[in-house]
Amino acid sequence: MKNSENGAIGIFDSGIGGLTVAKAIHENFPNENIVYFGDTAHLPYGDKSEAAIQAYSIRIADLLLKMGCKVIVIACNSASSASYELLKEYVNKQAHVINVIDPMVQFVSHSLADKRIGLIGTKRTVQSGIYQKKLAAINPACTIHSLATPLLAPMIEEGFYNSQISHEIVWNYLSDPILQNIDALILACTHYPLIRNEINEFYKGKVNILDSTQIIVESLMEYLTSHQLFGTSQNSELQFLVSDYTESFEASTQIFFQEKVSLKWHPLWN
Ligand code: DGL
């Protein structure tokens, strides 16, 4: 069933952050089957080495290919920065691979090239400098002002948002001089759409907050249209797999998917 319209959309992240992307894909493509993989045994990716993330990503891609996915969406900036090129080569023609960075870079280079752009993300994403490199390759005059915000993903995972604690942490990070006078801020982590309101509040609505969710939906739309690969399932199936399972984890998936989701344990290594 490789690369046929009957194949599912495979989506993965280190954990449940990518469910923000899965939710948007599900809403926009109701006739697509979705397989979501959260690599909860290895969470967080943001602190891991590039080599470790590459090894996890290959295992996950293998599983998603075995499950007949026609598209693999890397719904994680840390994994997109560490393993997109490798995964694309590895998966080759068996499926189309979409990462969360390229569509955002394309958007910024077309629409915001003359603006002062800030970025927040995990240590892995920020230290890789990947947004800057990709943007400079398209438009050398574009500069991104990046700040690693490693407390944000675990804070959100624990359900701290729209709270006094998250307010303090968000305010502290966004007050960093590196982000001063920005016109737009890239949320370079799939967890961050959940604190979009707080970020917007900090900037009093004066900064354009860019999250990749909608841009990924558009990128997927473009691919499925140009390759005539739209699914036709009347009762589309949603499967959610995790490499480590706890009940509390399942409870927090609700925060990300905004509805109850049941997770199945599927170890990456037996
Ligand atoms: N959701 C991941 C990302 O977009 C970050 C979480 C993690 O560090 O595992 O980068």
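What you see is a predicted model; the values in this text were computed from it and never measured. (Residues numbered from 1 in each chain as written. Predicted model: local features only at pLDDT ≥ 70, side-chain atom pairs only at ≥ 80, totals over all residues. Heavy atoms only, no water.)

Colleague: Before we go on, may I ask you to explain the packing of aromatic side chains in this structure?
Modeller: Describing an aromatic ring pair means giving the distance of the ring centres and the angle of the ring planes. This model, assessed by the stated rule, comprises seven aromatic pairs. Considering the side-chain rings of Phe29 and Phe230, the 6.4 Å spacing of their centres and the 25° angle between planes classify their relative orientation as stacked. Taken together, the residues Phe29 in the loop between α1 (19-28) and β2 (34-38) and Phe230 in the loop between α10 (212-226) and β9 (238-242) connect sequence positions 201 residues apart. An aromatic cluster is built from Tyr36, Phe240 and Phe257, whose rings are joined through pairwise contacts. The ring of Phe257 is capped by Lys23, whose NZ or CZ atom sits 5.3 Å from the centre of that ring. (Phe/Tyr/Trp six-rings, centres within 6.5 Å; stacked < 30°, edge-to-face > 60°. Helix = DSSP H or I, 4+ residues; strand = E, 2+ residues; numbered from the N terminus. Lys NZ or Arg CZ within 6 Å of the ring centre and 35° of its normal.)

Colleague: Would you take a moment to explain the pairing of strand β5 (residues 117-121) for this structure?
Modeller: Most of β5 sits inside the fold, with five of its five residues counted as buried. The alternating pattern of β5 places Ile117, Leu119 and Gly121 and Gly118 and Ile120 on opposite faces, both of which are buried. Bridge analysis of β5 against strand β6 (residues 144-148) gives five bridges, and the strand direction is parallel. Among the inter-strand pairings, Ile120 is bridged to a residue of β6, identified as Leu147. (Buried < 20%, exposed > 50% of the residue type's maximum accessible area, 1.4 Å probe, protein only. Pairing = 2+ DSSP bridges.)

Colleague: Any chance you could explain the pairing of strand β8 (residues 208-211) here in plain terms?
Modeller: Looking along a regular strand, one sees side chains alternate from face to face of the sheet. Pairing of strand β7 (residues 184-188) with β8 involves four bridges; the strand directions are parallel. Note on β8: the bridge partner recorded for Leu185 is Ile209. With respect to chirality, the unit in which β7 leads through helix α9 (residues 196-202) into the neighbouring parallel β8 is right-handed. (Right-handed = clockwise from strand over helix to strand, strands pointing away.)

Colleague: For this particular structure, what's the right way to read the site of the ligand?
Modeller: Surveying the vicinity of the ligand reveals the residues Asp13, Ser14, Pro44, Tyr45, Gly46, Cys76, Asn77, Ser78, Thr122, Cys189, Thr190 and His191. Taking Asn77, its main chain carries an N or O atom lying 2.9 Å from an oxygen atom of the ligand. Within the side chain of Thr190, a nitrogen or oxygen atom sits 2.9 Å from a nitrogen atom of the ligand. Coverage of the ligand by the protein chains reaches 98% of its 300 Å² of free accessible surface. When the residues that make up the shell around the ligand are grouped by side-chain class, the tally is four nonpolar, seven polar and one charged. (Near = heavy atom within 4 Å. Polar contact = N/O pair within 3.5 Å; in protein donor to acceptor, adjacent residues only side chain to side chain. Areas by Shrake-Rupley, 256 points an atom, 1.4 Å probe, with all protein chains shown as cover. Nonpolar A, V, L, I, M, F, W, Y, C, P; charged D, E, K, R; others polar.)

Colleague: For this particular structure, what's the right way to read the sheet that holds β7?
Modeller: Strand pairing in a sheet relies on backbone hydrogen bonds. The paired strands run either parallel or antiparallel. Read from one edge to the other, the open sheet built from four strands follows the order β6-β5-β7-β8, with strand pairing classed as parallel. The open sheet has two edge strands with one neighbour each: β6 and β8. Geometrically, the sheet is characterised by an average inter-axis angle of 25° between neighbouring strands, direction not taken into account. (Axes fitted to C-alpha atoms, helices over the stretch in contact; angles between N-to-C directions.)

Colleague: Can you walk me through the side chain of Ser243 in this structure?
Modeller: Residue placement: Ser243 occurs in the loop between β9 and α11 (247-257). Note on Ser243: relative accessible area 7%, which makes it buried. A distance of 3.1 Å separates a polar atom in the side chain of Ser243 from the backbone nitrogen of Thr40. The contact partners of Ser243, leaving out residues within four places of it in the chain, are Phe37, Gly38, Asp39, Thr40, Ala41, Trp265, His266, Pro267 and Leu268. (Contact = heavy atoms within 4.5 Å.)

Colleague: I would appreciate a short explanation of the sheet that holds strand β4 (residues 96-99) in the present structure.
Modeller: Judged by pairing direction, the sheet is parallel, and its six strands sit side by side in the order β4-β3-β1-β2-β9-β10 without closing on themselves. Each edge of the sheet is formed by a strand with only one pairing partner; in this case those strands are β4 and β10 (264-265). Where β9 and β10 come together, two bridges link them in parallel fashion. Bridge pairing in β10 places Leu241 opposite Lys264. Lying on the sheet, α1 is in contact with β1 (8-13), β2, β3 (69-74) and β9; it crosses β2 at an angle near 175°.

Colleague: Any chance you could explain α11 here in plain terms?
Modeller: It helps to recall that an α-helix has 3.6 residues per turn; residues three or four apart then point in one direction. Listed as buried for α11 are Phe249, Glu250, Ser252, Thr253, Phe256 and Phe257. Along the axis of α11, the buried residues cluster in a sector spanning 165°; they form a single face. Residues of α11 that are exposed and point over 90 degrees away from its buried face: Glu247 and Ser248. At its buried positions, α11 is contacted by α1, α7 (152-157) and β9. (Arc of directions from axis to C-beta.)

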